[in-house]
Amino acid sequence: MARRLDYERAMSQKSDTSKLDTRAIGLDVGLSFIRWLTGAENLHYGLWTGLEVTAANLRAAQDAYTTKLFALLPEGKILRILDIGGGAGETARKLLALGHAVEIVVPSPFLAERCRKNARQAKIHEMMFEDFDSADRFDICLFSESFQYIPMRAALEKSRRLLAADGAILISDCFRSDAYSGRSDHGAQPGGGHPVSQFSNIVEEMPLTIVSEEDITLAVAPSIDLEQQFFNVIGHGVARIDDEMSAKKPAARWALARFLGLFVRGNRKAALMQRLTGQTRSAAAFEHYNRYLMVLLRAP
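Owing to the predicted nature of the structure, the values given are computational and were not obtained by experimental measurement.

Caption draft 1: Layout of the nonpolar core. The biggest cluster of nonpolar side chains holds 38 residues, and the ones touching the most others in it are Ile 104, Ile 140, Phe 286 and Tyr 292. Non-local contacts of Phe 286, meaning those with residues more than four positions away in its chain, are made with Tyr 45, Cys 174, Pro 190, Gly 191, Thr 217, Val 220, Ala 221, Ile 224 and Tyr 292. Formed by 27 residues, the second largest nonpolar core is a distinct cluster that contains Leu 162, Phe 199, Val 203 and Leu 297.

Caption draft 2: Structural detail: the pattern of salt bridges. Overall, the coordinates contain 16 salt bridges when judged by the stated rule. The closest approach of N and O atoms between Lys 94 and Asp 63, which form a salt bridge, is 3.5 Å. In this pair, Lys 94 sits in helix α4 (residues 90-97) while Asp 63 sits in helix α3 (residues 58-70), placing the two residues 31 residues apart along the sequence. Using a relative accessible area of 16% as the deciding quantity, one classes Lys 94 as buried. Three or more residues are tied together by salt bridges with common partners; here these are Arg 35, Glu 41 and Arg 114.

Caption draft 3: A look at the side chain of Gln 189. Position of Gln 189 among the secondary structure elements: in the loop between α7 (183-186) and α8 (196-205). At 2.8 Å, the side chain of Gln 189 and the backbone oxygen of His 186 are in polar contact. The contact partners of Gln 189, leaving out residues within four places of it in the chain, are Arg 176, Tyr 180, Arg 281, Ala 285 and Tyr 289.

Caption draft 4: Focus on the sheet that holds strand β6 (residues 209-215). One open sheet accounts for seven strands, arranged β3-β2-β1-β4-β5-β7-β6; its pairing is mixed. Where the open sheet ends on each side, the last strands, each with one partner, are β3 (123-125) and β6. Direction aside, the axes of adjacent strands within the sheet are offset by 15 degrees on average. As judged from the six bridges shared by strand β4 (residues 138-144) and strand β5 (residues 163-176), these two strands associate in the parallel manner. Bridged to Phe 143 within β5 is Ile 171.

Caption draft 5: Quick look at the packing of helix α6 (residues 152-162) against α8. Where α6 meets α8, the axes come as close as 10 Å, and the angle between the chain directions of the two elements is 35 degrees. Considering how the two elements wind past one another, α6 and α8 form a crossing that is right-handed. Every residue of α8 that contacts α6 at Met 152, Arg 153 and Leu 156 is listed here: Gln 198, Phe 199, Ile 202, Val 203 and Glu 205. Looking at the contact of α6 with α8 residue by residue, the classes come out as five nonpolar, one polar and two charged.

Caption draft 6: Focus on unusual backbone geometry. The phi dihedral of Glu 145 falls on the positive side, at around 60 degrees, and the residue is not glycine. With respect to the helices and strands, Glu 145 occurs in the loop between β4 and α6. Despite not being glycine, Asp 166 has its phi angle at roughly 65 degrees, a positive value. Mapped onto the elements of the fold, Asp 166 is located in strand β5.

Caption draft 7: Spatial organisation of the pairing of β5. Within β5, 11 of the 14 residues are buried, leaving the element largely enclosed by the surrounding structure. Taken together, β4, α6 and β5 constitute a β-α-β crossover, and its handedness is right-handed. As paired elements, β5 and strand β7 (residues 290-298) share nine bridges and run antiparallel to each other. If you follow Ala 168 over to β7, its bridge partner there is Arg 298.

Caption draft 8: Spatial organisation of the environment of Leu 43. As for its placement among the helices and strands, Leu 43 is situated in the loop between α2 (22-38) and α3. Accessibility expressed as a relative area gives 8% for Leu 43, which makes it buried. Distance in space between the C-alpha atoms of Leu 43 and Gly 30 is 9.4 Å, their sequence separation being 13 residues.

Caption draft 9: Structural detail: α3. In a regular helix each residue adds 1.5 Å, so 13 residues correspond to 18 Å; α3 covers 18 Å between its end C-alpha atoms and thus fits that length. Residues of α3 that are buried include every one of Leu 58, Ala 61, Gln 62, Tyr 65, Thr 66, Leu 69 and Phe 70, and no others.

Caption draft 10: The packing of aromatic side chains, seen in detail. One pass over the structure, following the stated rule, counts 10 aromatic pairs. Ring centres of Tyr 45 and Phe 286 lie 5.5 Å apart, and the angle between their planes is 45 degrees; this geometry places the pair in the tilted category. You can see Tyr 45 sitting in the loop between α2 and α3 and its partner Phe 286 sitting in helix α13 (residues 283-289), a full 241 residues away along the chain. The exposure classification of Tyr 45 matches that of Phe 286, with both residues buried. Summarising the aromatic geometry, the rings of Phe 129 and Phe 143 are spaced 5.8 Å apart at their centres and angled 85 degrees between planes, so their arrangement reads as edge-to-face. Here Phe 143 lies in strand β4 and Phe 129 lies in the loop between β3 and β4, a separation of 14 residues in the sequence. Here the two residues Phe 129 and Phe 143 agree in accessibility, since each one is buried. Joined through ring pairs, the aromatic side chains of Phe 129, Phe 132, Phe 143, Phe 147, Phe 175 and Phe 199 make up one cluster. Taking the ring centre of Phe 129 as reference, the NZ or CZ of Lys 158 above it sits at 5.7 Å.

Parameters and conventions
Residues numbered from 1 in each chain as written. Predicted model: local features only at pLDDT ≥ 70, side-chain atom pairs only at ≥ 80, totals over all residues. Heavy atoms only, no water. Core = buried A, V, L, I, M, F, W, Y, C linked by side-chain atoms within 4.5 Å. Buried < 20%, exposed > 50% of the residue type's maximum accessible area, 1.4 Å probe, protein only. Contact = heavy atoms within 4.5 Å. Salt bridge = Lys/Arg side-chain N within 4 Å of Asp/Glu carboxyl O. Helix = DSSP H or I, 4+ residues; strand = E, 2+ residues; numbered from the N terminus. Polar contact = N/O pair within 3.5 Å; in protein donor to acceptor, adjacent residues only side chain to side chain. Pairing = 2+ DSSP bridges. Axes fitted to C-alpha atoms, helices over the stretch in contact; angles between N-to-C directions. Left-handed = near helix turned anticlockwise from the far one by under 90°. Nonpolar A, V, L, I, M, F, W, Y, C, P; charged D, E, K, R; others polar. Right-handed = clockwise from strand over helix to strand, strands pointing away. Expected span 1.5 Å × (residues − 1). Phe/Tyr/Trp six-rings, centres within 6.5 Å; stacked < 30°, edge-to-face > 60°. Lys NZ or Arg CZ within 6 Å of the ring centre and 35° of its normal.

Encoded structure:
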């Protein structure tokens with residue numbers, strides 16, 4: 001499963017054009033796979049309540065997530081929405097279909113191009129949100145799995161300044177739970193985001209009112225199991241090929257291993273093998289170390 005906005009910050013930085021952009025390649029491949037599997041380019045978790053956790057149900061789970069998110073929008077009103085970190089533009093496309101006016105802020109050139117294709121009527125700002133400014137004001141500042149990539153106070157303060165009268169900030173994202181004390185203590189764990197306790201403290205300090213807050217961690221956590229199952233299938237295929245080559249083509253297997261070793265070494269190799277063959281990335285681990293919240297905030 002594509003990992004939403006994991007690549008955007010790195011991709012937004014200027015780089016040596018002579019180097020392979022492996023992040024862009026990875027995101028392109030991931031989006032192609034998601035599009036093939038589901039018919040859409042959603043880069044967010046699914047909501048699995050009442051659904052069997054299978055690849056066949058991924059589209060339904062992601063659509064259920066979007067339905068729940070949109071239920072938090074004011075009813076009976078055409079809204080001006082700023083979609084911050086808008087992924088590949090799928091959420092914006094659905095908002096446009098409902099008649100809303102949408103602008104997207106997205107730092108990744110690759111994702112900005114996907115937004116132009118998927119949400120043709122949206123205005124695209126190819127930049128970091130920290131660099132964005134506008135004389136226009138918005139009814140909704142939307143962070144759908146993008147809030148975690150922006151410093152919290154800066155994201156909230158800028159969003160509040162961009163709101164129209166009676167506007168709201170809608171955040172749907174993963175936060176680290178109080179059980180998580182860092183990679184050095186717990187190793188690599190699924191999920192991510194800002195510490196949830198720090199988020200609560202910052203919101204209390206700011207002139208913002210929590211209109212609604214719902215913890216949907218248990219409903220989205222199965223996405224992690226589905227993702228790991230996918231990587232385990234790839235890992236099984238790699239292991240079978242390796243076994244067959246070891247038995248029948250040892251010289252070719254040795255040469256291939258040497259070639260691959262030029263690109264993947266040490267810790268990166270260990271991390272890749274853990275990803276392909278391990279079981280530590282699980283819904284249970286996600287539930288323990290994360291809180292996934294849908295929060296609606298309004299400025300007084």
